[in-house]
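Residue-level listing of the chains:
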Amino acid sequence: MIRNAVRLACVFTMASAAAGQTWTHLGPAPIGGSLDAGRVSAVVCHPTLADRYFVAGADGGVWRTDDGGASWTPLTSHMPASAVGALVLDPNNPDIVFAGTGEANFANHSRYGLGIYRSTDAGQTWTHLAEQDFAGRCISRLVIDPRDSSRVFAGVTWAGGFPAKAAAKRHPQADGPVGLFRSDDAGVSWSRITTGLPELCLTDLVIDPSDPSRMFAAVGRIFGDPANGIYRSTDSGQTWTKLTVGLPTGTVGRIALAASPSRSGRLFALVTNPATSTGDGASTLAGYRTDNGGDSWTAINPGSIQATYGWYLCVVGVNPTNPDMVLMGGLSLVRSSNAGSSFTNVTPPHVDLHAIAWDAAGRLVVGDDGGVHRSTNNGTSWESRNNGLGTIQFYAGVSTHPTDPNRFLGGTQDNGSNLRSSNSLVWTRVTGGDGGWTQWNRANTQLLFTEFQGTGNIFRSTNGGASFNSFGSGINSGDRNCFLPPFLIDPNDPTKMLYATNRVYRSVNGGSWSAISPSLSATGAIRALAISPADSSTVYAVTNDHRVHVSTDGGASFTTRLTDAFGWPRVTREIRPDDSDPATAYLAGATFGSPKIRRTRDRGLTWSTLDGNLPDLPVNVVATDPRCTPTTLYAGTDAGLYVSTDDGLSWRRVEGGLPNACIIDLHVETNFSRIVVATQGRGLWSAPLPDCVPCRADFNADGFVDFFDFDQFILCFEGGDCPPGTSADFDADGFIDFFDLDAFIAAFEQGC
Amino acid sequence: MTHTTVLLAAAVLHQASVYSSAPNAGALLRASDFSVRAGQHVHLSFKQQTPTGPVSLAWPHDPAWFFVRLAGTQHNRSAEQAPPSSPHRSIFTPTGPGVAMIGLDLAAAEEWWPADALAKYTTQAVSPARVRVLRSLTALVRVLREDGAAVQDHTATSKSGQQAEIRPLMDPTTIPPGGDLPVRVYTLGAGAGGARLVASHVESGERFEFAADSKGIASFTITRPGVWAIESICVEPPREPGGDWTAAIATLSFEVPAEEGARR
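Residues numbered from 1 in each chain as written. Chains lettered and ligands numbered in written order. Predicted model: local features only at pLDDT ≥ 70, side-chain atom pairs only at ≥ 80, totals over all residues. Heavy atoms only, no water.

Structural notes on the overall build of chain B
If you tally the helices and strands in chain B, you get 2 helices and 18 strands. Looking at chain B as a whole, 59% of its 264 residues qualify as buried. Once local pairs closer than 6 in sequence are excluded, the contacts in chain B between residues at least 24 apart make up 67%. Put simply, chain B shows about 9,600 Å² of open surface, and 50% of that area lies on carbon and sulfur atoms. (Helix = DSSP H or I, 4+ residues; strand = E, 2+ residues; numbered from the N terminus. Buried < 20%, exposed > 50% of the residue type's maximum accessible area, 1.4 Å probe, protein only. Contact = heavy atoms within 4.5 Å. Areas by Shrake-Rupley, 256 points an atom, 1.4 Å probe, with all protein chains shown as cover.)

See the structure below:
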């Protein structure tokens, strides 16, 4: 009793002391002005609480608002997968929430999932289900039988990307079964439904609101397949028949479906043309409507609303009370008030639609590449609802400022390149498009560089980001690129820069670029480029045909040193030269089943792995803390940050509030004694760097002093498990007593 | 920015048109002022170019889409809600500061273009042909706070989703003279590779002709403050024998501030 009281008092005492050692979210949340957040892939609204919505960040987990989007709370930061693409509330108990992981939008940045999450308390706590059934793939849709809440159906797809399944990152189950699955025990166990359905990606699924025994499934492999189409079951999903009357006879691509809740037998479908292997060609084929439960369909014309990438954008919604009002979303959002006879453009402030829902007050809520937008008049007018929704997807190449810890520059998925210039969650967009690599000149901080997709689309600011000018002169626009080419300021000579397409270019003193290397890839491009901070003549490059190349003449010529550097096809920071030894570099492995972290000490001639006990997770980026001996290693993975203080022999997961997100970039900044983490889906984070000297208050030895240490010490103090090599006898006087507690608290409050 | 000055925009645009030999070429969405304060009415008008010069037109009664986007909000007006015929309409009154993107998609039109107009876009011999024309017009209007201060808003760089679109990749309402303006041209949402562009400075008549790369990206240098108009055209031959040509024509108008007003 006394001990508990002391413990409680300790908790309150230590709260302030430990607060500075946890992770801090740096934004953007949202991007200023346009008030955009990162891509939202699913939206569900509570049936009676008008201001409660659940949304899925495409790679940012599940979020909830209870005030209609005025503020948001992340709910699944601790769960193993952050890519989420499907949400459903139990129609009989809206506190029960299912989230399907993996984002079935088929882009390179639509990552694989790890099964299904279920919450029975409106998202406060979650149970991880079905990892063995669905890992490595994506859940496109979840539906619950309103007659029996334990019966749940899941549409499953392969992960997307170009080349196909690139977003699966070679997950061992990436090629596992897809299609329609059913659970009769609320998601615990699953079986695939095969009768009448092909084993192809199921892109949408509907239970007829007026007759729950009748279901509709959209089979929509994005590259096209003769078996793609709309299927119907009239026996609660046991057997299926492909529907044909009025539907296209040729090969189609992705399909989306929606049923009218207020008119029995009425459904709408949006059908896309098949995508080519490079992602082109997937324009809108047509919309369709049935008024007789799928017996026959009539073509309707929403217009060409999906550009050429309908594989990424394909969603339909029917107004819950007006069966004649249907919305179809792609690049644009269009609305028909006459059951599809004509459509009106009602696009929200950010294009690229992924989710359509109505809240309990009848307001239209959509998820798009700019977050959440809401309309009180079914799309005639819109407002952003993204305050605090920290779902921005950074790309590699985030830059920090050499002297101002509040300043950052980073490129993001479909939300441009953004500048943080003060201690705020709100950032400023400086250039548009898909923002990629950035650089901040450390000798002249007025010089900033950004880019957007394509070859040679690099821009320079000479006034601290107030304005930018083209800086791509001399770069051959016909060169191959990896969507967002890497470029660098020479860390030893800030007047020199390198830029990488399928070859390396150099610019000196801000002049035009000149190609200095031959092409490093017959078919691909350079996705990672690094100059040794110790010797600028040593340059490392990784091409997206899995090869690592090393130059010893500043990038003019390269020797291929590795041919199995599998990774993500877009720009990365997967190669990290050592700070003091140009022959040493670290290579991250961003795929399952391959080396996670390799090190060379001879410029790539030989490599050793430092994987230790690191789990089989893609590692996207490695960073080092050179103050420590041995060098402390940080690994940014698809599911959080890991640290090793023993040269890679063992790794510990970093806790302290950092979400379990996909880490795409890392900076160890010894000048600010902090580590900065950029995520794809949860924005930017930082935390103080732990001391190199073993810190006794770091009781769980994870590299950070935080409440996890406190909890671990209390557990040990109360007779529970103690970490290896530790004891509750903190003051080493041979007795375990309150003096040990006092000693631990003192160390904890001092930060070590 | 006077109303007279704005009217000049259309004339200059006509002179600069990259497709001036095409019938019914050139159109511009004109704002009464490209820099207003919150609460101030913005009048919009519509002028279309012809081979004989600019012609004032009534506001299109059946636009495919008309919208105003500003600081995280958007108002869409459907065809039936479009303003009735009038050369000038008080279309909107911005309630908050930022950069208003005003967009207008005209209904697709079928036109007969002469051979010389089509010949600019193909190396093959052509004869007069029917062309399906997609026209979109966009204007960017800076909306200042009531105290006259500018605020950041990234609406200008957002993708509108119009059928033909010139999307600035930097906010042209904040670029100082001497700065580059990269844009991306889209047709039906996809990058319009090889699109041809003309950028015109209204008061001086200075103009630049340039072309987009294979992804539809292009850039030019803004040389002076004032009102600018950019026009793009992307013409594609029929995909099937006997089919129609397609022309996607977009215009974008905006005002570049003087140096001291260019900083964010």
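Further notes follow.
A word on the overall build of chain A
Along its length, chain A carries 4 helices and 56 strands. Expected size for 752 residues packed as a compact globule is a radius of gyration near 27 Å; at 26 Å, chain A falls within 12% of this value. With the principal axes as the frame, chain A shows a C-alpha extent of 75 × 75 × 45 Å. Taken across its 752 residues, chain A has 64% of its residues classed as buried. Long-range pairs, those at least 24 residues apart, make up 53% of the contacts in chain A between residues at least 6 apart in sequence. Roughly 23,400 Å² of accessible area belongs to chain A as shown, and the carbon and sulfur atoms make up 49% of that amount. (Rg over C-alpha atoms; globule rule 2.2 N^0.38 Å.)

Observations concerning the environment of Ser140 of chain A
Residue and element names in this part refer to chain A. Topologically, Ser140 is positioned in strand S10 (residues 137-144). Assessed through its relative accessible area of 10%, Ser140 is described here as buried. As a C-alpha pair, Ser140 and Leu205 span 65 residues in sequence and 8.4 Å in three-dimensional space. Look past the residues within four positions of Ser140 in its chain and what remains in contact with it is Gly85, Ala86, Ala104, Gly155, Val156, Thr157, Leu202, Thr203 and Asp204.

What about helix H3 (residues 707-717) of chain A?
Residues and elements named next belong to chain A. Inspection of H3 places Asp709, Phe710, Phe713, Ile714, Cys716 and Phe717 among the buried residues, and these make up the whole buried set. Across the axial projection of H3, the buried residues extend over an arc of 160 degrees, all falling on one side. One or two residues past the end of H3 sits Gly719, with phi positive at roughly 100 degrees. (Arc of directions from axis to C-beta.)

Notes on the packing of H3 of chain A against helix H4 (residues 738-750) of chain A
Residues and elements named next belong to chain A. The geometry of H3 relative to H4 is characterised by a closest axis approach of 11 Å and an angle of 170 degrees between their N-to-C directions. In terms of orientation, H3 and H4 fall into the roughly antiparallel class. From H3, Phe707, Asp709, Phe710, Phe713, Ile714 and Phe717 reach across to H4, where they touch Phe738, Asp740, Leu741, Phe744 and Phe748. Its residues assigned to classes, the contact of H3 with H4 shows 9 nonpolar, no polar and 2 charged. (Axes fitted to C-alpha atoms, helices over the stretch in contact; angles between N-to-C directions. Parallel < 35°, antiparallel > 145°, perpendicular 65-115°, else oblique. Nonpolar A, V, L, I, M, F, W, Y, C, P; charged D, E, K, R; others polar.)

What about the state of the cysteines?
All names here are of chain A. The full count for this structure, using the stated rule, is 2 disulfides over all chains. The partner cysteine of Cys628 in its disulfide is Cys692, sulfur to sulfur 1.9 Å. Its torsion about the S-S bond being -70 degrees, the disulfide of Cys628 and Cys692 is classed as left-handed. Placement of Cys628 in the loop between strand S50 (619-625) and strand S51 (632-637) and of Cys692 in the loop between strand S56 (684-688) and H3 is noted, with a sequence separation of 64 residues between them. Among the residues examined, Cys628 registers a relative accessible area of 6% and is labelled buried. The residue that forms a disulfide with Cys716 is Cys722, at a sulfur-sulfur distance of 1.9 Å. (Disulfide = S-S within 2.5 Å.)

Regarding the interface of chain B and chain A
If you look at the interface, chain B gives 35 residues, while chain A gives 44 residues. Here chain B meets chain A over a buried area of about 3,200 Å², counting both sides, of which 52% is carbon and sulfur. Going through the elements one at a time, strand S5 (65-70), strand S6 (73-77), strand S12 (180-187) and strand S16 (217-221) of chain B are the ones with two or more residues in the side of chain B that touches chain A. Examined bridge by bridge, strand S29 (residues 381-384) of chain A and S6 of chain B share 3 bridges and lie antiparallel to one another. Looking across to S6 of chain B, one finds that Glu383 of chain A is bridged to Thr73 of chain B. (Buried area = accessible area lost by both parts, 1.4 Å probe. Pairing = 2+ DSSP bridges.)

A word on the pairing of S10 of chain A
Residues and elements named next belong to chain A. Burial runs high along S10: 7 of the 8 residues are buried. Judged from the 7 bridges that link them, S10 and strand S11 (residues 152-158) form a sheet pairing that is antiparallel. Bridging across to S11, Arg137 finds its partner in Trp158.

Here's the deal with the pairing of strand S3 (residues 53-57) of chain A
All names here are of chain A. Burial analysis of S3 places 5 of its 5 residues in the buried class, which makes it a mostly covered element. Here S3 shows two buried faces, one formed by Tyr53, Val55 and Gly57 and the other by Phe54 and Ala56. For strand S2 (residues 40-45) and S3, the ladder comprises 5 bridges, and the chain directions are antiparallel. The partner of Val43 across the bridge, within S3, is Val55.

With respect to the sheet that holds strand S55 (residues 674-679) of chain A
All names here are of chain A. If you trace the 4 strands from one edge of the open sheet to the other, you get S1-S56-S55-S54, paired in antiparallel fashion. At either margin of the open sheet sits one strand with a lone partner, and together these are strand S1 (24-27) and strand S54 (663-669). On average, each strand axis in the sheet is tilted by 25 degrees relative to the strand beside it, whichever way the strands run. Note that S54 and S55 share 6 bridges and pair antiparallel. Its bridge partner lying in S55, Asp665 is registered against Ala678.

Digging into the domain arrangement of chain A
All names here are of chain A. Domain assignment breaks chain A into domain 1 (38-193) and domain 2 (201-331). Taking the mean C-alpha position of each, domain 1 and domain 2 sit 20 Å from one another. Contacts between the two partners involve 29 residues from domain 1, matched on the other side by 22 residues from domain 2. The contact between domain 1 and domain 2 buries some 2,000 Å² in all, and 69% of this surface belongs to carbon and sulfur atoms. (Domains from an automatic or database assignment.)

Comments concerning the packing of aromatic side chains
All names here are of chain A. Going through the model one piece at a time under the given rule, you end up with 31 aromatic pairs over all chains. Arranged with centres 5.8 Å apart and planes meeting at 50 degrees, the rings of Trp311 and Tyr312 form a pair that is tilted. Across this residue pair, the class does not change: Trp311 and Tyr312 are buried. Between the aromatic rings of Phe394 and Trp427, the centroid separation amounts to 5.6 Å while the plane-to-plane angle is 50 degrees, which identifies the pairing as tilted. Here the residue Phe394 occupies a position in the loop between S29 and strand S30 (399-400), and Trp427 occupies one in the loop between strand S32 (417-420) and strand S33 (428-431), the gap between them amounting to 33 residues. Given a relative accessible area of 0%, Trp427 falls into the buried group. Members of the aromatic cluster, each reached through a chain of ring pairs, are Phe699, Phe707, Phe710, Phe713, Phe717, Phe730, Phe738, Phe744 and Phe748. If you follow Arg111 out to its NZ or CZ, it ends over the ring of Tyr112, 5.3 Å from the centre. Just above the ring of Phe566 sits the side chain of Arg170; from NZ or CZ to the centre is 3.9 Å. (Phe/Tyr/Trp six-rings, centres within 6.5 Å; stacked < 30°, edge-to-face > 60°. Lys NZ or Arg CZ within 6 Å of the ring centre and 35° of its normal.)

Re the environment of Lys169 of chain A
Residues and elements named next belong to chain A. Relative to the helices and strands, Lys169 resides in the loop between S11 and strand S12 (179-183). Residues Lys169 and Ala282 lie 113 residues apart in sequence; the distance between their C-alpha atoms is 24 Å. Those residues in contact with Lys169 that lie beyond four places of it in its chain are Arg111, Tyr112, Trp568, Ala590, Thr591, Phe592, Pro618, Asn620, Asp638 and Cys662.

Focus on the nonpolar core
Of all hydrophobic cores here, the largest spans 42 residues; its most connected members are Phe394, Trp513, Leu529 and Leu684 of chain A. Mapped by element, the contributors of at least two residues to this core are strand S38 (487-489), strand S39 (496-500), strand S40 (504-508), strand S42 (526-532), strand S43 (535-543) and S55 of chain A. Of all the elements, S39 of chain A adds the most residues to this core, at 4 residues. Beyond its immediate stretch of four places on either side in the chain, Leu529 of chain A contacts Pro486, Leu488, Leu498, Tyr499, Ala500, Val504, Val539, Tyr540, Ala541 and Ile575 of chain A. One finds Phe452 of chain A together with Ala164, Val183 and Ala199 of chain B within the second-largest nonpolar core, a separate group that totals 40 residues. (Core = buried A, V, L, I, M, F, W, Y, C linked by side-chain atoms within 4.5 Å.)

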